[in-house]
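# Inside the fold
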Amino acid sequence: MSLFDRRTLLMMPLALAACGFEPVHAPGGSGAALNGQVKLSAPNTTESYLLVQNLEQRLGRSASSGGAYALDVGVSTVTRAAAITTTNETNRYSIDGKANYTLKSNETGQIVASGSVENFVGYSAAGSTVSTLADERDAKQRLMVILSDQIISELYAAPGLGT
């Protein structure tokens, strides 16, 4: 007896259509509604600059007129020692990041989506000072990519976009 059943595979698109499933990047989907239509808030820290840069790469830059939506983002990070040797030297750090976002319609002024996302990354501090600083910078960049991807995923899943 095979676990693979063709009838289940053929019925899956019908079931998804019945529950209101619509691909994000389909014409009229939330991905298309946001592409090039979101004006991002100005960054005020290095971390928020990296976050906004990643969001712009995914959403596209809005036209000079501002687009249909305004996205305000705020980011905060906390660096913590993650591994300490018996001689009390830290050789691994963890950076915890949290980003709050609010997507507003420029036409109505109403909040379309809002929320916050959290994640963390780690980096090694066992090398030289230069390599530790490079690892820290890289970790912050990775964290902002992760947070921006989470924000994009939540925005694409927001009800009411693309309709």
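Let us look at the structure shown here. (Residues numbered from 1 in each chain as written. Predicted model: local features only at pLDDT ≥ 70, side-chain atom pairs only at ≥ 80, totals over all residues. Heavy atoms only, no water.)

### Focus: the side chain of Thr 132
Definition in use: Think of it this way: any DSSP run of H or I at least four residues long counts as a helix, any run of E at least two long counts as a strand, and we number them from the N terminus. Contacts are assigned to residue pairs that have any heavy atoms within 4.5 Å of one another.
Tracing the backbone through its elements, the reader meets Thr 132 in helix α4 (residues 129-156). Residue contacts for Thr 132: discarding those within four places in its chain leaves Tyr 123, Ser 124, Ala 125 and Gly 127.

### Focus on the pattern of salt bridges
This is how it is decided: A pair is scored as a salt bridge if a Lys or Arg side-chain nitrogen falls within 4 Å of a carboxyl oxygen belonging to Asp or Glu. Whether a residue is buried, partly exposed or exposed follows from its accessible area with a 1.4 Å probe, protein chains only, as a fraction of its type maximum: under 20%, in between, or over 50%, in that order.
The tally for this structure, following the rule as stated, stands at six salt bridges. Salt-bridge contacts for Glu 47 lead to Lys 140; the nearest nitrogen and oxygen are separated by 3.2 Å. Of this pair, Glu 47 sits in helix α3 (residues 46-59) while Lys 140 sits in helix α4, and the two are 93 residues apart along the sequence. The same class applies to Glu 47 and to Lys 140, which are both buried.

### Some remarks on the pairing of strand β4 (residues 111-124)
Keep this limit in mind: Note on pairing: two strands pair once DSSP finds at least 2 bridges between them.
By the bridge criterion, 13 bridges tie strand β3 (residues 90-105) to β4 in an arrangement that is antiparallel. Bridging across to β4, Leu 103 finds its partner in Ala 113. Joining the antiparallel neighbours β3 and β4 is a turn of five residues, in which Gly 109 adopts a positive phi near 80°.

### Concerning the environment of Ser 94
Looking at the secondary structure, you find Ser 94 in strand β3. Each C-alpha atom of the pair Ser 94 and Ala 139 lies 8.9 Å from the other, and the pair is 45 residues apart in sequence. For Ser 94, the contacting residues outside a window of four places in its chain are Val 78, Thr 79, Arg 80, Ala 82, Phe 120, Val 121 and Gly 122.

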